[in-house]
Amino acid sequence: MARRSVFELSRALQFFSDAGFFSICYNSSTSLPLYYQYKANGGLLLHNFINEWFIANVAIKDNVSLVSSPVFCEGKTPRSSLSTATLQCYDELLSLNNGQLPIGVASNGTCVNKCDMKVFEMNRPNEYTECLVQYFVPQKSITDILHRMEIDHLMWWKKMSNSKDFTPVRTEGGNLSSHIVYSSCHGDTTVESIDVSGPHVELANSPYIISSKISADVAVMVLLHDGYSETQINDKVLQKLKFHQRLAPYKLGMMINGEDTRDLTVVADYIKDELRKETILIQTNINSLDSNRLLKVGVPYAISITDSTLKDGKVHLHNMYASVKEEVHVTHIKERLVKYLKS
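Each chain carries its own residue numbering, running from 1 in the direction its sequence is written. Where local features are concerned, this predicted model is filtered to residues with pLDDT of at least 70; where side-chain atom pairs are given and counted, the filter is 80 or more; whole-chain, interface and lining totals use all residues. For side-chain calculations, the full set of non-hydrogen atoms in the structure is used, while hydrogens and water are omitted.

**As for the sheet that holds strand β3 (residues 64–66)**
Okay, so step 1: For two strands to count as paired, DSSP must find a minimum of two bridges between them. In this description a helix means any DSSP run of H or I spanning at least four residues, a strand means any run of E spanning at least two, and both kinds are numbered starting from the N terminus. The mixed open sheet is built from 7 strands, whose spatial order is β3-β6-β9-β13-β12-β11-β10. Two strands in the sheet have a free side with no partner beyond their single neighbour: β3 and β10 (166–170). The average undirected angle you get between the axes of adjacent strands in this sheet is 25°.
Okay, so step 2: With 7 bridges connecting them, strand β11 (residues 178–184) and strand β12 (residues 187–197) associate as antiparallel partners. Looking at β12, one finds that Y182 is bridged to T189.
Okay, so step 3: What makes two residues a contact is simply this: any of their non-hydrogen atoms within 4.5 Å. Helix axes are fitted to C-alpha atoms over the stretch in contact, other axes to C-alpha atoms as well, and angles between N-to-C directions run from 0 to 180 degrees. Contacting β3, β6 (103–112), β9 (127–137) and β13 (208–215), helix α2 (residues 40–59) runs over the sheet at an angle of about 0° to β9.
Okay, so step 4: Sitting on the sheet, helix α6 (residues 216–227) is in contact with β9, β10, β11, β12 and β13, with an inclination near 55° to β13.

**Structural notes on the packing of aromatic side chains**
Okay, so step 1: The aromatic pairing rule takes the rings of Phe, Tyr and Trp, using the six-membered ring of Trp, and pairs them if the centres are within 6.5 Å, calling planes under 30 degrees apart stacked, those over 60 edge-to-face and the rest tilted. Here the structure, examined in full by the defined rule, presents 14 aromatic pairs.
Okay, so step 2: With a centroid separation of 4.8 Å and an interplanar angle of 45°, the aromatic rings of Y90 and F136 are classed as tilted. Of this pair, Y90 sits in helix α4 (residues 90–96) while F136 sits in strand β9; the two residues are 46 residues apart in sequence, bridging distant segments of the chain. The exposure classification of Y90 matches that of F136, with both residues buried.
Okay, so step 3: Cluster of aromatic residues (ring-pair linked, three or more members): F15, F16, F22, Y36, Y38 and Y228. Residue burial is assigned from relative accessible area. The probe radius is 1.4 Å, only protein chains are included, and a residue is buried under 20% of its type maximum, exposed over 50%, and partly exposed in between.

**Remarks on the nonpolar core**
Okay, so step 1: Only buried residues count toward a nonpolar core. Its members are Ala, Val, Leu, Ile, Met, Phe, Trp, Tyr and Cys residues joined through side-chain atoms within 4.5 Å. By size, the foremost hydrophobic cluster in this structure holds 64 residues, and its most contacted members are F16, F21, F22, F49, W157 and L224.
Okay, so step 2: With 8 residues, the top contributor of residues to this core is α6.

**Things to note about the packing of helix α7 (residues 261–276) against helix α10 (residues 333–342)**
Okay, so step 1: Taken N-terminus to C-terminus, the directions of α7 and α10 make an angle of 45°; their axes are 9 Å apart at the nearest point. On the basis of the axis angle, α7 is oblique to α10. Of the two elements, α7 crosses α10, and the hand of that crossing is right-handed. Between α7, through I271, E274 and L275, and α10, the contact on the second element is made entirely by I333, K334 and L337.
Okay, so step 2: Each residue gets one of three labels, nonpolar for Ala, Val, Leu, Ile, Met, Phe, Trp, Tyr, Cys and Pro, charged for Asp, Glu, Lys and Arg, and polar for the others, Gly among them. Across the contact of α7 with α10, the residue classes break down as 4 nonpolar, no polar and 2 charged. Our angle categories are set so that under 35 degrees counts as roughly parallel, over 145 as roughly antiparallel, 65 to 115 as roughly perpendicular, and the remainder as oblique. Note on convention: the crossing is left-handed when the near helix lies turned anticlockwise from the far helix by less than a right angle, right-handed when the turn is clockwise.

**Some details on α2**
Okay, so step 1: For a helix, the expected span equals 1.5 Å multiplied by the number of residues minus one. With 20 residues, α2 extends 27 Å from end C-alpha to end C-alpha; this agrees with the ideal 28 Å at 1.5 Å per step.
Okay, so step 2: Within α2, the full set of buried residues consists of N41, G42, L45, L46, N48, F49, I50, E52, W53, A56, N57 and V58.

**Notes on the confidence of the model for the chain**
Okay, so step 1: pLDDT is defined as a per-residue confidence score from the predictor, taking values between 0 and 100. When pLDDT is averaged along the chain, the result is 87; 91% of the residues meet or exceed 70.
Okay, so step 2: Per-element confidence in the chain is highest for α2, whose mean pLDDT is 96, and lowest for strand β7 (residues 117–119), whose mean pLDDT is 69.

**Thoughts on α6**
Helical geometry note: an α-helix holds 3.6 residues per turn, so side chains three or four residues apart project in the same direction.
Okay, so step 1: The first and last C-alpha atoms of α6 sit 16 Å apart over 12 residues, in line with the 16 Å expected at 1.5 Å per residue.
Okay, so step 2: The buried count for α6 comes to 12 of 12 residues, which makes it a mostly enclosed element.
Okay, so step 3: Residues of α6 that are buried: A216, D217, V218, A219, V220, M221, V222, L223, L224, H225, D226 and G227.

**Things to note about the side chain of N41**
Okay, so step 1: Turning to its location among the elements, N41 is positioned in helix α2.
Okay, so step 2: Contacts of N41, omitting those with residues within four sequence positions, involve A19, G20, F21, P249, Y250 and V297.

**A word on the layout of surface pockets**
Any empty space left between the atoms is revealed when a probe the size of a water molecule rolls over them.
Okay, so step 1: One number sums up the size of the largest pocket: a volume of about 430 Å³.
Okay, so step 2: Around the largest pocket sit 18 residues that line it, and R246, K251, E278, T279 and L341 are the ones nearest its centre.
Okay, so step 3: Put simply, the parts of the chain that give the lining of the largest pocket at least two residues each are α2 and α10.
Okay, so step 4: Ranked by residues supplied to the lining of the largest pocket, first place goes to α2 with 6 residues.
Okay, so step 5: Considering only residue class, the lining of the largest pocket consists of 8 nonpolar, 5 polar and 5 charged. Using a grid of 1 Å spacing that covers the protein atoms alone, one calls a set of points a cavity when a 1.4 Å probe fits there but cannot get out, and a pocket when the set is open and has protein on both sides within 12 Å along at least five of seven lines; lining residues are those with an atom within 4 Å of a point. Grid points are joined across faces, edges and corners, and a volume is the space filled by probe spheres set on the points.

Encoded structure:
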């Protein structure tokens, strides 16, 4: 599937760095991008992705438990996968489910690879953040659970993206392994691998295991790539980002534009205090003439507080992605924004 637009990858990567998502380290001899480290906005995007993964795979699922394990196995060797930890929990979780299959186990955390992981010419050497879900199932349920899993996960990727350029690809050879692939003007990238193994006769009930593996670091790069767009205006290129609103590092920008700065700041502080009760992250100190700054980091909503706010108590709530605005009283901002962010 072709990407809807074409852009220069190196320019986009530099934009992501300038926008505070990651820092780029270059190969000293070739000047090519070698690897990246997260900056503040990239860390927030990674956190939000893992949170949405948790909701989709654990919070709203039956009989799926979240487990954790130390990075260093037996205090010496860093783990290369989370699967060992999930297997160690099998007997206990089976007992809690009255010995009945299927049951699910999920885990996320840092793992270490023997080789670098490359995506869009960028390497994150050795370490990566794995998100793993494993279903322990009887043989008779493999086809049904795998089919539903492939559909649900594909729909989730499309929901969390802008372009919908995600497709399932079955592995050749007759086995039940598959991948979800993101297709773009810069090639195809596997964002999730799903495979089936078993029967595991060493475990009670000899279950088959259906595993879903995601590198959250690859996902962050794909979401940045997918959300990026640029527009040529005369001799300048306007660059911006658009995320699913629950993935956006900041949900709201606050713009103060008026002469009575002191009183307007009091109103802004009231709104910030109310929104922080709902853990809504806010970008503050944005000049009303600098809304492009919000678009550069993918902020979905903005509030403009003006002198008229002091008279009628109303602010303008802007949908930055749709370029529409509405008047909302300051006492209703929290309720309105929470509603929008949950949609």
